[in-house]
Amino acid sequence: MNGGQEYVIGGLVAIVVTAVLVVPMLLVVVPLGLLLGTFGSLAIIVARLATGAAPTPRPVDDAVAADPVEGTPGDEPAWRSYLGAQAIGDARDAGTHVKRAASRLWDGVRELRDNAGYTEFPDSAVVAPLWLVPFGFGVATTAGAAVGSAASGVVVGGVTGTMWTAHRAAAGALRLGSTLDTRRRGAGATCVNPECLGHTTTPIVQCRCGRFHRTLRPGAFGAFRRRCVCGALLPTTIAGAVARGRLALRCPWCNDELPPGSMIDRNVRLVVTGAPGSGVSTLADAGLHAVMETVTSSGGSVSRTAGATGAATRCTAARLVWGRRAAVVTVLDAPGAVVASDVELARLHLLRDVSGIVLVIDATALPRPASKLGDGPGADPEITYRTIAGRLRDDGVDLRKLPLAIALSKADQLDAVLPGRGPAPGSAGVQDWLARQGQRSLVAAAERDFGAVRYYLTSADGESDRSPGAVVAWLLRRAGVRVPT
Ligand SMILES: Nc1nc2c(ncn2[C@@H]2O[C@H](COP(=O)(O)OP(=O)(O)OP(=O)(O)O)[C@@H](O)[C@H]2O)c(=O)[nH]1
Ligand SMILES: [Mg+2]
Ligand SMILES: [Zn+2]
Ligand SMILES: [Zn+2]
């Protein structure tokens, strides 16, 4: 036989082998492979998911001592909800295991080939077509695995996706509900650290274990509950964390603990200002004190939550509880020197979120009474007014939404200096008198700038119709706090 005939015969043998052996074997092996691949992959996926074998993504655990102000936003010391991260991890884990099984199968095919060794020509005419059998089996099994994975992906993914969407929708609705609830109740938290005085509606929540939850809200860490790294279950709203969890709140700027009632009670922030020596501190203290007294005398309870003095400012805060109502009132004493200094003013975060303003004008420092006293006139109150109004506008505060109380202080001394020629009783009387004392342009500016302006004649000597308490009580009413009178 010459070489040409040999190849023809070899070819014929190969065709016969293929037709008689390989095709029938493939007819058995390919469906078998498809079935094995499909059900094998399904079995692997179900087993992986059932055991929850994927490692749970560990939450970042910023140690108890870590500075919460410095941390990365979004990193919370809490476990993400299953649908958030674990589902993706589980899917990836199941996929990896199916892939691993398929590659083991191909390893087997390769091993078979390597062990069989190399076959010379006449024999190879028989052997070569036979290789189609394991190869076809491998391809069929792989295809089956792909089909099985895709099918379970569609089913499991569809179910998880639906649950994920529902979870997100629930979290979103709860978040909106809690935001609206906070707004409706006028709740918030005001830091009483005199160097900070920040106001926020999203304080840091500290778990009992000490860890700081910076963004406690319904979301990826849980819609209804979240689990702290320490294992404790926390509510997902800040109001819930305070009311049900009895957890402490901290200021997001300085990390100081926030006073009791934060994020639960109505939160009112007042700023009292005026020229140096005009009676700012006296009015701030006596005003809040008088309101506290009316609350206690009508059966309520009060607790002073701060009386801190900073470098330049004083801040007094009290929690008032009467009947079923409660309010946290923070009064910032911003003396004229602070108002005159841009640097000092810029430091006062509280100004941006102020609920009401008191401008104190020393009655005895106005030009006419001052000259009767033999003194030169004091600082022009209009300058103080324009400085604070300008600062508020710079901070983006809409003055038309704010009430302004103008308090003419030291009424007792005014009586002595100008007997019988002081202001007529009532807001209009004081307004009119101020205008006649050369303050027409201050009065006009105040009426134009602010949403509501009221004028008071006050005295620290305890006369009830001149009590600084009336000033504070009016601003509280404007902020939605109806203290008993
Ligand atoms: N007679 C009388 N004196 C008052 C009244 N209000 C304040 N004073 C006095 O005025 C002075 C200044 O009062 P403060 O309340 O310290 O005034 P202030 O604006 O806070 O002063 P600085 O913080 O130093 O700018 C004090 O001696 C007070 O006793 C008042 O209604 N009647
Ligand atoms: Mg003062
Ligand atoms: Zn914890
Ligand atoms: Zn603070």
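Refer to the structure printed above.
Here is what the cut-offs are and how they apply
Residues numbered from 1 in each chain as written. Chains lettered and ligands numbered in written order. Predicted model: local features only at pLDDT ≥ 70, side-chain atom pairs only at ≥ 80, totals over all residues. Helix = DSSP H or I, 4+ residues; strand = E, 2+ residues; numbered from the N terminus. Rg over C-alpha atoms; globule rule 2.2 N^0.38 Å. Contact = placed C-beta atoms within 7 Å. Near = placed C-beta within 6 Å. Nonpolar A, V, L, I, M, F, W, Y, C, P; charged D, E, K, R; others polar. Buried ≥ 20, exposed ≤ 12 C-beta atoms within 10 Å, placed from the backbone. Pairing = 2+ DSSP bridges. Core = buried A, V, L, I, M, F, W, Y, C linked by C-beta atoms within 7 Å.

**As for the overall build of the chain**
- The helix and strand tally for the chain stands at 13 helices and 15 strands.
- Whereas a compact globule of 485 residues would reach a radius of gyration of roughly 23 Å, the chain reaches 39 Å, over 25% beyond that.
- The C-alpha extent of the chain, read off along each of the three principal axes, is 145 × 45 × 35 Å.
- Relative to all contacts within the chain whose residues are 6 or more apart in sequence, the contacts with residues 24 or more apart total 75%.

**Concerning the site of ligand 1**
- Surveying the vicinity of ligand 1 reveals 16 residues, the closest of which are Gly279, Val280, Ser281, Thr282 and Ala460.
- The element contributing the most residues to the shell around ligand 1 is helix α6 (residues 280-297), with three residues.
- Here the shell around ligand 1 is built from residues that sort into four nonpolar, ten polar and two charged.

**Here we look at the pairing of strand β6 (residues 225-228)**
- Side chains of β6 alternate between two faces, with Arg226 and Cys228 buried and Arg225 and Arg227 left unburied.
- Bridge count between strand β1 (residues 78-79) and β6: two bridges; the pairing is antiparallel. If you follow Trp79 over to β6, its bridge partner there is Arg227.
- Where β6 meets strand β7 (residues 233-235), three bridges bridge the pair, whose relative direction is antiparallel. Residue pairing in the sheet places Arg226 in a bridge with Leu234 of β7.
- Connecting β6 to the antiparallel partner β7 that follows it, the hairpin turn spans four residues, and Gly231 within it adopts a positive phi of roughly 105°.

**Here we look at the nonpolar core**
- Counting 90 residues, the largest nonpolar core has Leu270, Val272, Val329, Val358, Ala407 and Leu476 as the members making the most contacts within it.
- Ignoring any residue separated from it by four or fewer positions in sequence, one finds Leu476 in contact with Val268, Val291, Val329, Val481 and Val483.
- Residues Ile45, Ala87, Ala91 and Ala145 belong to the second largest nonpolar core, which totals eight residues.

**A few points about the sheet that holds strand β4 (residues 204-206)**
- Spatially, the three strands line up as an open sheet ordered β5-β4-β8, and their pairing is antiparallel. Looking along the sheet, the strands with just one partner apiece sit at the ends: β5 (212-213) and β8 (248-250).
- Pairing between β4 and β8: three bridges, direction antiparallel. In the strand pairing of β8, Val205 is matched with Leu249.

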